[in-house]
Amino acid sequence: MQRRRLIAIAIYLIVSVLALLLVAGHGPWTGRVLFTVSESHGMHSGDVPVVLLWVAGMACSVALWRDDSP
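This report concerns the structure included in the present document. (Residues numbered from 1 in each chain as written. Predicted model: local features only at pLDDT ≥ 70, side-chain atom pairs only at ≥ 80, totals over all residues. Heavy atoms only, no water.)

Digging into the pattern of salt bridges
Here is the rule we go by: What makes a salt bridge here is a side-chain nitrogen of Lys or Arg within 4 Å of a carboxyl oxygen of Asp or Glu, nothing more. Secondary structure elements are defined from DSSP: runs of H or I of at least 4 residues count as helices, runs of E of at least 2 residues count as strands, and each element is numbered from the N terminus. Burial classification: accessible surface area is computed with a 1.4 Å probe over protein chains only, and a residue below 20% of its type maximum counts as buried, one above 50% as exposed, and the rest as partly exposed.
All chains considered together, the criterion is met by 1 salt bridge. A salt bridge links D67 to R4, with the nearest nitrogen and oxygen atoms 3.0 Å apart. Note that D67 is positioned in the segment after α2 (47-66) and R4 in helix α1 (residues 2-24), a separation of 63 residues in sequence. What makes D67 partly exposed here is its relative accessible area of 26%. Residue R4 is classed as partly exposed on the basis of its relative accessible area, which comes to 23%.

Digging into the side chain of H44
Selection criterion: Only heavy atoms matter for contacts: two residues are in contact if any of them lie within 4.5 Å across the pair.
Looking at the secondary structure, you find H44 in strand β2 (residues 42-44). Note on H44: relative accessible area 18%, which makes it buried. Those residues in contact with H44 that lie beyond four places of it in its chain are T30, G31, R32, V33 and L34.

Considerations on the side chain of S61
Its place among the elements puts S61 in helix α2. By relative accessible area, which is 7% here, S61 ends up buried. Beyond its immediate chain neighbours, meaning those up to four positions away, S61 contacts A8, I11 and Y12.

Points about the pairing of strand β1 (residues 33-36)
Operational definition: When DSSP locates at least two bridges between a pair of strands, those strands are taken to pair.
Of the pairings in the sheet, the one linking β1 to β2 comprises 3 bridges and is antiparallel in character. Bridge pairing links F35 to M43 in β2. Hairpin connection, β1 to β2: the antiparallel pair is bridged by 5 residues.

A closer look at α2
Which entries qualify depends on this criterion: Any helix carries an expected span of 1.5 Å times its number of residues minus one. What the arc describes is the spread of directions from the helix axis to the C-beta atoms.
Taking 1.5 Å as the rise per residue, α2 with 20 residues should run 28 Å; its terminal C-alpha atoms sit 29 Å apart, in good agreement. Within α2 the residues assigned to the buried category are D47, V50, G57, M58 and S61. End-on view of α2: buried residues confined to an arc of 100 degrees, all on one side of the axis. Looking at α2, the residues exposed on the side facing more than 90 degrees away from the buried face are L52, L53 and R66. In this structure, the buried residues of α2 make contact with α1 and β2.

Geometry only, nothing functional implied.
As structure tokens, then:
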């Protein structure tokens, strides 16, 4: 059980850091701005798949955390 929780925490941290790096990056693939947070920051269409994959990773992490099977 403890091992599964450590793996769940590792997944959470890795996926979160990768998502942060992808969302904060400024590449040619970022796409159009969907909404603006500040003059130099906003949510781009290229950020949507990153956010969706982050949500999927968090769901997997929660499922692993709650798994009671041996």
